[in-house]
Amino acid sequence: MASYLILTPPGAHADDERARFVADGYSWWAFLFPALWLLAKRQWAIGIAVAVLQISLVFLSSHESGFLPSLLAQLALRLVVALEGPVLVARSLTARDWTLRSIVPAPNLETAEEIYFTSVAPSEKKPTPPSPADWTVRQPSKGGTGLGLFDSYGER
């Protein structure tokens, strides 16, 4: 079962529909294509660094004594990106002032969304001030009948 980190944009309420759910767990796509996965997640600097490192490890593997160290380094790099890549995405969002609202353990994304949005109270809507058209509408008084022909609407 994966844990999902729920982050909301700066200044947003907890029930904002732009909330981002980041699965904190192993990512097979990050293991198979580490540099491309990082670039797809907009981790530009680290994605480029991983791509350069992967290319240099490929060149190292072409030497006669560099194949095994290159293979082990490549596997270690892929494993680190697959395990820590989602946390890196969440950390970059918090660096841009996103708020970590909750961590929800769930088997899939749909269940995580359901658990989170049912546990969060809806944000309070600010009452809108009455428009000038509403100022002229008067409610009849709730008291008894007034004296005279017209109702006084609570005035003196």
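All of the points below concern the structure found in this document. What you see is a predicted model, and the numbers here were worked out from it, not measured in a lab. (Residues numbered from 1 in each chain as written. Predicted model: local features only at pLDDT ≥ 70, side-chain atom pairs only at ≥ 80, totals over all residues. Heavy atoms only, no water.)

**What about the environment of S3?**
Here S3 shows up in strand β1 (residues 2-8). For the pair S3 and I103, spaced 100 residues apart in sequence, the C-alpha separation works out to 6.4 Å. Other than its neighbours up to four places away in sequence, S3 contacts V22, A23, D24, I103, V104 and P105. (Helix = DSSP H or I, 4+ residues; strand = E, 2+ residues; numbered from the N terminus. Contact = heavy atoms within 4.5 Å.)

**Some thoughts on the sheet that holds β1**
Each strand in a sheet pairs with its neighbour through backbone hydrogen bonds, running either in the same direction (parallel) or in the opposite one (antiparallel). Across the sheet, which stays open at both edges, the 3 strands sit in the order β2-β1-β3 with antiparallel pairing between neighbours. The sheet is open, and its two borders are formed by β2 (20-24) and β3 (99-106), each paired with just one other strand. On average, adjacent strands in this sheet sit at an angle of 25° to one another, irrespective of strand direction. Across 5 bridges, β1 lies against β2 in antiparallel orientation. Residue S3 lies in a different strand from β2, and its bridge partner there is D24. Contacts between helix α4 (residues 67-95) and the sheet are confined to β1 and β2, with β2 contributing the most and set at about 145° to the helix. Where helix α5 (residues 109-119) meets the sheet, it contacts β1, β2 and β3, and its direction lies at approximately 125° from that of β3. (Pairing = 2+ DSSP bridges. Axes fitted to C-alpha atoms, helices over the stretch in contact; angles between N-to-C directions.)

**Brief notes about the pattern of salt bridges**
For the structure on display, the rule yields 1 salt bridge. Salt-bridge contacts for D16 lead to R18; the nearest nitrogen and oxygen are separated by 2.8 Å. (Salt bridge = Lys/Arg side-chain N within 4 Å of Asp/Glu carboxyl O.)

**Quick notes on the pairing of β1**
Of all 7 residues in β1, 5 are buried, a share of seventy percent or more. Sheet analysis places β1 next to β3, joined by 7 bridges and oriented antiparallel. Across the sheet, the residue bridging to S3 is P105, located in β3. (Buried < 20%, exposed > 50% of the residue type's maximum accessible area, 1.4 Å probe, protein only.)

**Observations regarding the side chain of T8**
Residue placement: T8 occurs in strand β1. Filtering out sequence-adjacent residues up to four positions away, T8 remains in contact with H13, A14, A19, W98, T99, R101 and Y116.

**Brief notes about the layout of surface pockets**
The space that makes up the largest pocket amounts to roughly 250 Å³. In this structure, the largest pocket is lined by 14 residues; those nearest its centre are A23, S27, W37, K41 and P86. Secondary-structure elements contributing two or more residues to the lining of the largest pocket are β2 and α4. Of the residues contributing to the lining of the largest pocket, the split by class is 9 nonpolar, 2 polar and 3 charged. (1 Å grid on protein atoms, 1.4 Å probe; cavity = no way out; pocket = protein on both sides within 12 Å on 5 of 7 lines; lining within 4 Å. Points joined across faces, edges and corners; volume = space filled by probe spheres on them. Nonpolar A, V, L, I, M, F, W, Y, C, P; charged D, E, K, R; others polar.)

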